[in-house]
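Residue strings, one per chain:
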Amino acid sequence: LTGKTVIADRYLQDTWIDFTLNFPGSNFERWPMWKFLELVTPKPDHAFMLLIPVEESIRRGKLKNEPFPDSAEVLGQRLEYYQDFSTQGYGRVIDCMRSIYVISNEIVGVVLKGPVNEG
């Protein structure tokens, strides 16, 4: 609303995945607060899903000494949810097994083309 650029590391779909995995059977999608969040959360001009295989996620978590790592099973479930979201048009999938330079150039290229409401 202020005309300033906002870059978010996580978005509503990430929260949906967290709630689905951590609070199964909670029916959070029927909560008034969740419905409110869906209503007021602005749509991003660009949305990206930076995906890696489960094994790579585990390896990178060890490298950065992740204090609360997910199990391989949970990481697999998360990846499936992200892949499902990608088929529903919630964002552009970025293969993060490529170099950081290739990935950043792809993202910058998309952003410089202008808003397309991919998310």
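Residues numbered from 1 in each chain as written. Predicted model: local features only at pLDDT ≥ 70, side-chain atom pairs only at ≥ 80, totals over all residues. Heavy atoms only, no water.

Focus on the nonpolar core
In step 1: Formed by 13 residues in total, the largest nonpolar core has its most connected members in Trp-16, Ile-17, Trp-34, Met-49, Leu-51, Tyr-82 and Phe-85.
In step 2: Contributing elements (two or more residues each) for this core: α1 (12-22), β1 (48-51) and α4 (72-87).
In step 3: Discounting residues that sit within four places of it in the chain, Tyr-82 has contacts with Arg-10, Asp-14, Ile-17, Met-49 and Leu-51. (Core = buried A, V, L, I, M, F, W, Y, C linked by side-chain atoms within 4.5 Å. Buried < 20%, exposed > 50% of the residue type's maximum accessible area, 1.4 Å probe, protein only. Helix = DSSP H or I, 4+ residues; strand = E, 2+ residues; numbered from the N terminus. Contact = heavy atoms within 4.5 Å.)

So, α1
A turn of α-helix holds 3.6 residues, and therefore any two residues three or four places apart point the same way.
In step 1: Counting buried residues along α1, eight of its 11 residues qualify, which places the element largely inside the surrounding structure.
In step 2: Of the positions making up α1, those classed as buried are Leu-12, Gln-13, Asp-14, Trp-16, Ile-17, Asp-18, Thr-20 and Leu-21.
In step 3: Elements that come into contact with the buried residues of α1 comprise α2 (32-40) and α4.

With respect to the pairing of β1
In step 1: Residues Met-49 and Leu-51 of β1 are buried on one face, while the alternating residues Phe-48 and Leu-50, pointing to the opposite face, are not.
In step 2: Where β1 lies against strand β2 (residues 92-95), four bridges are found, and the strand directions are parallel. Of the residues in β2, the one forming a bridge with Leu-51 is Asp-95. (Pairing = 2+ DSSP bridges.)

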